[in-house]
Amino acid sequence: MAMRPKLLAFLCGLFCVNVFLPWGALSQEKGERATAPASQQLSLAQAVMCEEIKDHAPHNQAIVFSVTNGSTSCFTSFDPVPEKTYIYHDWFYRDKLTTRIKLFLRPPRWSTFSRIQLREADKGPWRVEITDRKGALLCIVRFSITD
Amino acid sequence: MNNFLALFLTLQWQDIVDILLVSYIVFRLYILLRGTNVFRVLIGIAFLWVFHRIAVSLGLIVTSWAIQGIMAVAALIIIVVFRNEIRSVLQAKNVKALLWGYPRKTAETPVDIIVESAYELAQSRSGALIVLPGKEDLQEVLHSGIPWGGSVSKEMILSIFWHDNPVHDGAAVIKGDQVEEVGAVLPLSHRKDLPSYYGTRHRAAAGLAEASDALVIVVSEERGDVTVALGSRMKVIKRKEDLARMLRKHAGVSSKQGGYLSRQRLELGIAALASVVFITGVWFIFARGLDTLITFETPVEYMNRDPAIEISDTSVNAVRLHLSGSDALIKSIRPEQVKVRLDLSRSVVGPNTFSIAQKNISLPPGVFLKKVEPSSVTVILDHVKRKEVPVQIDWAGKLPEGLILSEARLDPEKIELIGGQKMLENISTVYTEQVSLSTIQKSGTMTVKLVLDPASLKISPSSRDKVTIEYMVTRRAR
């Protein structure tokens, strides 16, 4: 039974393949398998930009990323997750939507992330809008890609 | 003849004002400078200009270049060589005299008193040197004169040249009815043909007469005769009447006062008429010369817009005007003289199409509109609205190695924009100007401006046009 969370995380990771550049991944905190009560609402606990995901956690959180890093990630953590659902990470370059990534969540708590590969033409201000399955805006994370 | 009349019939009121104004300026220049060397040189330059135009029209390239060069140098020469005369014209007169006043008849030279005095001095064998200036300024040639400023009288002149008077050896300068200077030193003549019995006094008289247009009376101490030096001539005058006639002629004083005044009026009238004819001719050469066509790109100006409505877009920002007119006028057009204005008072929200007609275009006089491209302009108008939008920092450059910009707070986080409704619908963020990372070493604050795109957007008066950034820098984790 102790192996099941890791197995679940692996399976969720398989969902996070993106057609373009980014790909999503999901992880779940160890030992959390209980289903949250259905009366509770989906709640975003953390949304940050980071250089990479290490050990299921954001590594080098920042608001400015050098294009030489090669990629950048948007990490989101939800607590509680009342039921199986999905969210979107909408990546905007200035005010133009460039990528929409669908990420699945599972009760009772869930962390997930999306990532984009960086190119020279991506330099400038960006934002990631995190919305639920109904399109309700949960959070906006702003950052910049620079030299 | 019909063509000539047709030309005059096309004159606008601006053309007439133009001609009259410049004619008056030319006339005033004549009034102020007549009789001076500057005026003579100006006439010379005017002739050079005419020759230059003729040379250009005949295709005499080198001649036209040479004349052009001479004209350029002549302008400099006038200022340098005739600076005293120009200064005396401009300084001696007030603004009214410069713009309006006519030269009053100068105080009449008391010829009879001078003649009587000269012959009385000759009779008493007292040497004398009397200078009667012409139109030229003598400041450069006269030296060491002592200002006198007394009215001319026989007693005055006799006392100036009295043996024991310290200034009796110098010259007395008489201008009008005033003795201006006494004891003046005149330049000596170096002529070889002067009689050997002429002393320094006669050589001085000859020297000044050669160097200027002044008339100099010399009374000989030894021989008791009266000599007049004028130009290169020296002449002994035996009779008082002859001397009086010479002095009157030199001073421009007629024996009949009325005759002088009427001649003066006639001269001014002819000068005024000549100015008008000359400038009218020049004007017609410039304004009604060969037709030239040019294309002029002019921005469209919009007037009488309802303050609650804003221009969100236009089909064109500028229109091309095909203009015709004389070569000189076309070349002298300045952008601010050409305007295309559209009246938005009757326009509505949404697209409005305006035809650009003659009434929408203002042109300088003498320039005519041939064609407008495009002939119509579409203006899209929108309601003016307000919208609050978040501010985002536009970071640029590169952070020093090993540092991470982990967080930044903005004050204010949002600002209110004013602009067209449709324009605002597409705007969800306002960005700052580019903020350089290269100088950041540690956490701190800075104030930056906002960039509005499109530029027609405005920041609400209730919002600030700058934001303060408080940023946190951390070390990069391995």
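None of these values were measured; they are calculated from a predicted model. (Residues numbered from 1 in each chain as written. Chains lettered and ligands numbered in written order. Predicted model: local features only at pLDDT ≥ 70, side-chain atom pairs only at ≥ 80, totals over all residues.)

1. Side note on the confidence of the model for chain A
Point 1. Looking at chain A as a whole, its pLDDT mean stands at 80, while 73% of the residues score no less than 70.
Point 2. Confidence over residues 7-36 of chain A falls short of pLDDT 50; this stretch has 61 contacts with residues more than four positions distant or in other chains. (pLDDT = per-residue confidence, 0-100. Contact = placed C-beta atoms within 7 Å.)

2. Quick word on the nonpolar core
Point 1. The biggest cluster of nonpolar side chains holds 45 residues, and the ones touching the most others in it are Ala-118, Ile-130, Val-131, Ala-172, Ala-205 and Val-216 of chain B.
Point 2. With six residues, helix α7 (residues 111-123) of chain B is the single largest residue contributor to this core.
Point 3. One finds Leu-42, Cys-74 and Phe-78 of chain A together with Ala-408 of chain B within the second-largest nonpolar core, a separate group that totals 33 residues. (Core = buried A, V, L, I, M, F, W, Y, C linked by C-beta atoms within 7 Å. Buried ≥ 20, exposed ≤ 12 C-beta atoms within 10 Å, placed from the backbone. Helix = DSSP H or I, 4+ residues; strand = E, 2+ residues; numbered from the N terminus.)

3. Considering the confidence of the model for chain B
Point 1. Summarising the model, chain B shows a mean pLDDT of 83, and 89% of its residues fall at 70 or more.
Point 2. We note a pTM of 0.46 for the whole complex and an ipTM of 0.74 for its interfaces.

4. As for helix α10 (residues 240-251) of chain B
Residue and element names in this part refer to chain B.
Point 1. The terminal C-alpha atoms of α10, which comprises 12 residues, lie 16 Å apart, in line with the 16 Å expected from a rise of 1.5 Å per residue.
Point 2. Inspection of α10 places Leu-243, Leu-247 and Ala-251 among the buried residues, and these make up the whole buried set. Each buried residue of α10 lies within a common arc of 60° when the element is viewed along its axis, so the set occupies one face.
Point 3. The inward-facing, buried residues of α10 contact α7, β1 (128-132), β6 (226-230) and β7 (233-237). (Expected span 1.5 Å × (residues − 1). Arc of directions from axis to C-beta.)

5. Considering the interface of chain B and chain A
Point 1. Taken together, the contacts link 19 residues of chain B with 15 residues of chain A.
Point 2. Secondary structure elements with two or more residues in the side of chain B that touches chain A: β15 (376-396) and β16 (403-411) of chain B.
Point 3. Among the residues forming the side of chain B that touches chain A, the class breakdown is 10 nonpolar, five polar and four charged. (Nonpolar A, V, L, I, M, F, W, Y, C, P; charged D, E, K, R; others polar.)

6. Considerations on the packing of α7 of chain B against α10 of chain B
Any two packed helices are characterised by the angle at which their axes cross and by the distance between the axes.
Residues and elements named next belong to chain B.
Point 1. One way to put it is that α7 packs onto α10 with a least axis distance of 9 Å and a crossing angle of 135°. What the angle tells us is that α7 and α10 run oblique. Classified by chirality, the crossing of α10 by α7 is right-handed. Side by side, α7 and α10 meet where Val-111, Asp-112, Ile-114, Val-115, Ala-118 and Tyr-119 of the first sit next to Lys-240, Leu-243, Ala-244, Leu-247, Arg-248 and Ala-251 of the second. (Axes fitted to C-alpha atoms, helices over the stretch in contact; angles between N-to-C directions. Parallel < 35°, antiparallel > 145°, perpendicular 65-115°, else oblique. Left-handed = near helix turned anticlockwise from the far one by under 90°.)

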